[in-house]
Amino acid sequence: MKVGLHIADFTYPNGPAGLADDLTRVAVAAEEAGFARISVMDHVWQISVLGPPEHEMLEAYTTLGYLAARTSRVELLAWVTAVSYREPGLLAKLVSTLDVLSKGRAWLGIGAAWNGEEATGLGLPFPGTAERFERLEETLQICLQMWSENDGPYQGKHYQLGRTLNVPQPIRRPPILIGGGGEKKTLRLVARYAQACNLFAAPDLEHKLDVLREHCEAEGRDYDEIEKTVMLPLDPGENGEKIPDLLVQLRGLAALGVAEAHGWVPRAWQTERLELLGKEVVAAAAEL
């Protein structure tokens, strides 16, 4: 099992003036500790489970470009891109650019978006749920077309592109992770388009994986081809006292076929917490 770091909090003690250096320290420490991936949220305001909207929030793809220059091994992605915030042609170009400048480390993490409050606040597009899912599927199709030799037009219900030219192409075709556990739409799109899914470490996880398996059968897709990732808190405790319970949880997830545990670390700017997780959790997870 791999372990990934989700950077969801940018309100650090040194404030905005020190944020670039603090973020560098966090990313470098995570890479040196053996974390496989680093992600950031695609939000423009902080979300309520982590803090008030007035807390610091950096734009996702600008931040990932910065992290690409500060790291050399970790894979990089937005967890997950809000489909309605960017036109799909531009999104495909953003991820392509990130992949080229990171030398082949970019993923496309994407979902149907959910935060209507921030979208309304900054005037970002946020249509109804059904339309956002239609746009999600068309966006996936456009990205895949732009990451291929086909630079012809694309005609969809919501998006029309005259020529899907994308030069330079990514170093590798960015793998796609679709976030969310919706059983009728989201997991069907995973089976149809994605290399990875993202679910939560919740009591219904096994059921969600069974639903994904059913969608794979309907789509003619090999269920085992899809990487199963789970989002959860990675809290070692003040002195590592929470690590034994965390390892028990990871063993249970591995038994269900989860290949990556991806999560946020409280007070990640205290990089000794990342170092402790690297020694006691990342190494142990690699044996699962």
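Structure shown above.
**Topic: the overall build of the protein**
When helices and strands are tallied, the protein shows 9 helices and 11 strands. What you see for the protein is a C-alpha radius of gyration of 19 Å, in line with the 19 Å of a compact globule of 288 residues. C-alpha extents for the protein along the principal axes are approximately 55 × 45 × 35 Å. Counting every position in the protein, which comprises 288 residues, the buried fraction comes to 54%.

**So, the nonpolar core**
Ranked by internal contacts, the top residues of the largest apolar core, which has 82 residues, are Leu5, Ile7, Phe35, Ile38, Leu108 and Leu250. In this view, Ile38 contacts Leu5, Ile7, Ala27, Ala30, Leu64, Leu67, Val74, Glu75, Leu76 and Leu77; residues no more than four positions away in its chain are not counted. Listed in part, the 6 residues of the second largest apolar core include Trp79, Trp107, Leu177 and Ala196.

**Describing the side chain of Arg273**
Position of Arg273 among the secondary structure elements: in helix α9 (residues 272-285). Its relative accessible area of 5% is what places Arg273 among the buried residues. Here the side chain of Arg273 touches Asp235 through a polar contact of 3.1 Å, side chain to side chain. Sequence-distant contacts of Arg273, defined by excluding residues within four places in its chain, comprise Asp235, Pro236, Gly237, Glu238, Val265, Pro266 and Arg267.

**Points about the sheet that holds strand β5 (residues 108-111)**
Strand order in the open sheet formed by 9 strands is β3-β2-β1-β11-β10-β9-β8-β5-β4, with parallel pairing between adjacent strands. Single-partner strands in this sheet number two, and they are β3 (75-78) and β4 (81-82). The sheet contact formed by strand β1 (residues 2-7) and strand β11 (residues 260-263) spans 4 bridges and is parallel. Bridging from a neighbouring strand, Gly4 pairs with His262 of β11. Strands in contact with helix α2 (residues 60-70) are β2 (37-40), β3, β4 and β5; relative to β3, the strand with the most contacts, it is inclined by about 170 degrees.

**Quick word on helix α1 (residues 15-33)**
Here α1 spans 25 Å end to end across 19 residues, near enough to the 27 Å set by a 1.5 Å rise per residue. Helix geometry: α1 is bent most strongly at Asp21, by close to 35 degrees. Considered for burial, the residues of α1 that qualify are Gly15, Gly18, Leu19, Asp22, Leu23, Thr24, Val26, Ala27, Ala29, Ala30, Glu31 and Ala33. In the core, the buried residues of α1 are packed alongside β1, β2, α2 and α9. Immediately downstream of α1, the backbone of Gly34 shows phi near 100 degrees, a positive value.

**Regarding the packing of helix α3 (residues 88-101) against helix α5 (residues 129-146)**
α5 packs onto α3 with a crossing angle of 50 degrees between their chain directions and a minimal axis gap of 9 Å. Relative to α5, α3 is oriented oblique. As α3 packs across α5, the resulting crossing turns out to be right-handed. Within the contact between the two elements, α3 uses Pro88, Gly89, Leu91, Ala92 and Lys93 and α5 uses Thr139, Ile142, Cys143 and Met146. By residue class, the composition of the contact of α3 with α5 is 6 nonpolar, 2 polar and 1 charged.

**Concerning the pattern of salt bridges**
Under the definition given, this model contains 19 salt bridges. Two residues, Arg192 and Glu137, come together in a salt bridge whose shortest N-O distance is 3.0 Å. With a gap of 55 residues between them, Arg192 in helix α6 (residues 186-193) and Glu137 in helix α5 connect regions that are remote in the sequence. Note on Glu137: relative accessible area 16%, which makes it buried. Here Lys242 makes a salt bridge to Asp235, at a shortest N to O gap of 3.1 Å.

The rules behind the values
- Residues numbered from 1 in each chain as written.
- Predicted model: local features only at pLDDT ≥ 70, side-chain atom pairs only at ≥ 80, totals over all residues.
- Heavy atoms only, no water.
- Helix = DSSP H or I, 4+ residues; strand = E, 2+ residues; numbered from the N terminus.
- Rg over C-alpha atoms; globule rule 2.2 N^0.38 Å.
- Buried < 20%, exposed > 50% of the residue type's maximum accessible area, 1.4 Å probe, protein only.
- Core = buried A, V, L, I, M, F, W, Y, C linked by side-chain atoms within 4.5 Å.
- Contact = heavy atoms within 4.5 Å.
- Polar contact = N/O pair within 3.5 Å; in protein donor to acceptor, adjacent residues only side chain to side chain.
- Pairing = 2+ DSSP bridges.
- Axes fitted to C-alpha atoms, helices over the stretch in contact; angles between N-to-C directions.
- Expected span 1.5 Å × (residues − 1).
- Bend = angle between axes of the 7 residues up to and from the residue.
- Parallel < 35°, antiparallel > 145°, perpendicular 65-115°, else oblique.
- Left-handed = near helix turned anticlockwise from the far one by under 90°.
- Nonpolar A, V, L, I, M, F, W, Y, C, P; charged D, E, K, R; others polar.
- Salt bridge = Lys/Arg side-chain N within 4 Å of Asp/Glu carboxyl O.

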